[in-house]
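Fold and contact review
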Amino acid sequence: MAHAIETRGLTRRFGMLTAVDSVDLSVPEKCVYGFLGPNGCGKSTTIRMLCGLLRPSAGSATVLGVDSVEQAETLKQKIGYMTQRFSLYEDLTVVENLRFMTEIYQLPRRQRGLVVSRQLERFQLAGRERQLAGTLSGGQRQRLALASVTMHDPELLFLDEPTSAVDPESRREFWDIIFELVDQGATVLVTTHFMDEAERCHHLAILDEGRLVAEGTPSQLRDSIPATVVELETTRSRKVREALASLPAVLDVAQLGSRLHALVNPDVDAPVQYLERALNEVSLPAECRLVMPNLEDVFVMATRSEAR
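Each value, and the rule that gives it
Residues numbered from 1 in each chain as written. Predicted model: local features only at pLDDT ≥ 70, side-chain atom pairs only at ≥ 80, totals over all residues. Heavy atoms only, no water. Salt bridge = Lys/Arg side-chain N within 4 Å of Asp/Glu carboxyl O. Helix = DSSP H or I, 4+ residues; strand = E, 2+ residues; numbered from the N terminus. Buried < 20%, exposed > 50% of the residue type's maximum accessible area, 1.4 Å probe, protein only. Axes fitted to C-alpha atoms, helices over the stretch in contact; angles between N-to-C directions. Parallel < 35°, antiparallel > 145°, perpendicular 65-115°, else oblique. Left-handed = near helix turned anticlockwise from the far one by under 90°. Contact = heavy atoms within 4.5 Å. Nonpolar A, V, L, I, M, F, W, Y, C, P; charged D, E, K, R; others polar. Phe/Tyr/Trp six-rings, centres within 6.5 Å; stacked < 30°, edge-to-face > 60°. Lys NZ or Arg CZ within 6 Å of the ring centre and 35° of its normal. Core = buried A, V, L, I, M, F, W, Y, C linked by side-chain atoms within 4.5 Å. Pairing = 2+ DSSP bridges. Patch = residues over 30% accessible without salt bridge, like charges linked within 9 Å, V, L, I, M, F, W, Y side chains within 5 Å. Areas by Shrake-Rupley, 256 points an atom, 1.4 Å probe, with all protein chains shown as cover.

**With respect to the pattern of salt bridges**
The tally for this structure, following the rule as stated, stands at 15 salt bridges. Close ionic contact of Arg-141 with Glu-90 constitutes a salt bridge, the shortest N to O distance being 3.0 Å. Placement of Arg-141 in helix H5 (residues 138–149) and of Glu-90 in the loop between strand E6 (79–82) and helix H3 (94–104) is noted, with a sequence separation of 51 residues between them. Owing to a relative accessible area of 40%, Glu-90 belongs among the partly exposed residues under this scheme.

**As for the packing of H3 against helix H4 (residues 109–122)**
One can describe the packing of H3 onto H4 by two numbers: an axis separation of 10 Å at closest approach and a directional angle of 130°. Here H4 runs oblique to H3, going by the angle between their axes. H4 is crossed by H3, and the crossing has right-handed handedness. Packed against H3, whose contacting residues are Val-94, Val-95, Leu-98, Arg-99, Thr-102 and Glu-103, the element H4 presents Arg-112, Val-116, Gln-119 and Leu-120 at the interface. Of the residues assigned to the contact of H3 with H4, the class counts are five nonpolar, two polar and three charged.

**Observations regarding the packing of aromatic side chains**
Inspection of the entire model under this criterion finds three aromatic pairs. When the ring of Trp-175 is compared with that of Phe-179, the centres are 5.9 Å apart and the planes differ by 45°; the resulting orientation is tilted. One end of the pair, Trp-175, and the other, Phe-179, are both in helix H6 (residues 168–183), four residues apart, so they sit about a helical turn from each other. Phe-179 sits in the partly exposed class, given a relative accessible area of 25%. We note Arg-12 situated over the ring of Phe-14; from NZ or CZ to the ring centre the distance is 4.7 Å. The ring of Phe-194 has Arg-171 lying over it, and the distance from NZ or CZ to the ring centre is 3.9 Å.

**Some points on the packing of H5 against H6**
Two numbers describe a pair of packed helices, the interaxial angle and the distance between the axes. It is at 10 Å that the axes of H5 and H6 come closest, and there the two elements cross at 15°. Put simply, H5 runs roughly parallel to H6. Seen from above, H5 lies across H6 with right-handed handedness. Contacts from Gly-139, Gln-142, Arg-143 and Leu-146 in H5 reach Ser-170, Glu-173, Phe-174 and Ile-177 in H6. For the contact of H5 with H6, the residue count by class is three nonpolar, three polar and two charged.

**Description of the nonpolar core**
In this structure, Leu-98, Leu-144, Leu-146, Met-151 and Leu-159 are the most contacted members of the largest nonpolar core, which totals 51 residues. The residues contacting Leu-98, other than those within four sequence positions of it, are Val-116, Gln-119, Leu-120, Leu-144, Ala-147, Ser-148 and Met-151. In terms of nonpolar packing, the next biggest core, distinct from the first, is built from 27 residues, Cys-41, Met-49, Phe-158 and Leu-207 among them.

**Examining the sheet that holds strand E9 (residues 203–208)**
Pairing in this open sheet of six strands is mixed, and the strands run E6-E7-E8-E3-E9-E10 from one edge to the other. The sheet is open, and its two borders are formed by E6 and strand E10 (211–216), each paired with just one other strand. Each strand of the sheet is rotated relative to its neighbour by a mean of 15°, with strand direction disregarded. As paired strands, E6 and strand E7 (residues 156–160) are joined by four bridges and run parallel to one another.

**Structural notes on a nonpolar patch on the surface**
Taken together, the side chains of Tyr-89, Phe-100 and Ile-104 make up a nonpolar region of the molecular surface, amounting to roughly 270 Å² of accessible area. According to the relative accessible area criterion, Phe-100 is partly exposed, its value standing at 30%.

In structure tokens form, the structure reads like this:
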């Protein structure tokens, strides 16, 4: 399998702080590769090193076949990078922003008008050419940002939490565009906090405290979770949750509406009976059943320092 990104021991320190700690990645071509992790876990720092914007303290990164440090200028012509915050000029119109980006990417002058027209149609911005970027809705701004960083048809696209400030419908439309880009041959690396978005990715990497703590397809990660998941139905959720949290074999408890998800040590032979017995002893009956883990369960287990 060909890889768009390969890193070995990729590390970045800021003084005494190690933001990214010996990360090994192999990102396949023509897929959506998701980065998950708590705030401050090193996702954005990793992306900046992969883009050639930040020099690693140790290790190496090969991106699209070139060294991200030694050939950073060559690399910039092959990639697109959409940052977390809207980074275009709010006091320019939609079309002025796009025209400016054709100059940044040094597109041939005879092609610039055609490319701008293509992007307006492709990202559903036709009819808003003369609207100031600062007056666009959140979803429209994100589409404009994506249109701007794909002017040159990059082989690899970095999206840093691209849908964190948009409504669910705009998120869905944005992901439709992402899959269109992949179908056309691009590789997309995206950071997200949304578990439903993580489910959309072909591959996932989970970072915690600068370290890569889990990697694989969503189904592989669910299958390999080091816990048994028990779902509980109860009318006394808070009390039941407190009781479960005190049990040594319960690794984590999360509330999902009227239900609870308990992550139980896989060494427990009969987890449903174990929980039912413990709850009956404190007069807190609950209906328990085994369920398949979801990606939130995977995330919780992967980012528990005890699990490492």
